[in-house]
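Descriptive structure summary
Residues per chain, in single letters:
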Amino acid sequence: MLPYAEPGERAGLLSAYFVVGYLSFSLPALAAGFLAPIVGLTRTADFYGIGVILLAITSLAITLLRGRRE
């Protein structure tokens, strides 16, 4: 996307990209940190792993469905 952005918009686009990237990594980790004292570290790791697996399966399904349309 960056090559298609106007020169005056590239910095804003790139900063938005990095903000989304940092939030996507930090928010689940913060949630796990708050959840661990309540339900335990093992159960928190299980929830975190299940969430990652579900997101990966969803991403794979969407990718395969889009591939069939084309």
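Small disclaimer: the values here were computed from a predicted structure and weren't measured. (Residues numbered from 1 in each chain as written. Predicted model: local features only at pLDDT ≥ 70, side-chain atom pairs only at ≥ 80, totals over all residues. Heavy atoms only, no water.)

**Here's the deal with the packing of aromatic side chains**
Where we set the bar: Two rings belonging to Phe, Tyr or Trp (six-membered ring only in the last case) form a pair when the distance between their centres is within 6.5 Å. Interplanar angles under 30 degrees mark stacking, angles over 60 mark edge-to-face geometry, and anything in between is tilted. Strands are runs of DSSP state E lasting at least 2 residues, helices are runs of H or I lasting at least 4, and numbering of each runs from the N terminus. Between buried and exposed lies partly exposed: a residue is buried under 20% and exposed over 50% of the maximum accessible area for its type, with that area taken using a 1.4 Å probe on protein chains only.
All chains considered together, the criterion is met by 2 aromatic pairs. Between phenylalanine 18 and tyrosine 22, the ring centres sit 6.2 Å apart and the planes meet at 25°, which makes this aromatic pair stacked. Linking phenylalanine 18 with tyrosine 22, this pair stays in helix 1 (residues 10–39), spanning 4 residues, or about one helical turn. Judged by relative accessible area, tyrosine 22 falls into the exposed class, the value being 58%.

**What to know about a nonpolar patch on the surface**
The criterion, for reference: What makes a patch is a set of residues exposed beyond 30% relative accessible area and free of salt bridges, joined within 9 Å when like-charged and within 5 Å when nonpolar (Val, Leu, Ile, Met, Phe, Trp, Tyr). In these tables, accessible area is a Shrake-Rupley quantity obtained with a 1.4 Å probe, and a residue counts as shielded only by the protein chains included in the view. Here a salt bridge means any side-chain nitrogen of Lys or Arg lying within 4 Å of a carboxyl oxygen belonging to Asp or Glu.
A surface patch of nonpolar side chains, amounting to about 560 Å² of accessible area, comprises Leu35, Ile38, Val39, Phe47, Ile50 and Leu54. Where the nonpolar patch is concerned, the elements lending two or more residues are helix 1 and helix 2 (41–69). When you line up the elements, valine 39 lands in helix 1.

So, to be careful, I would describe these as geometric facts and stop short of saying anything about function.
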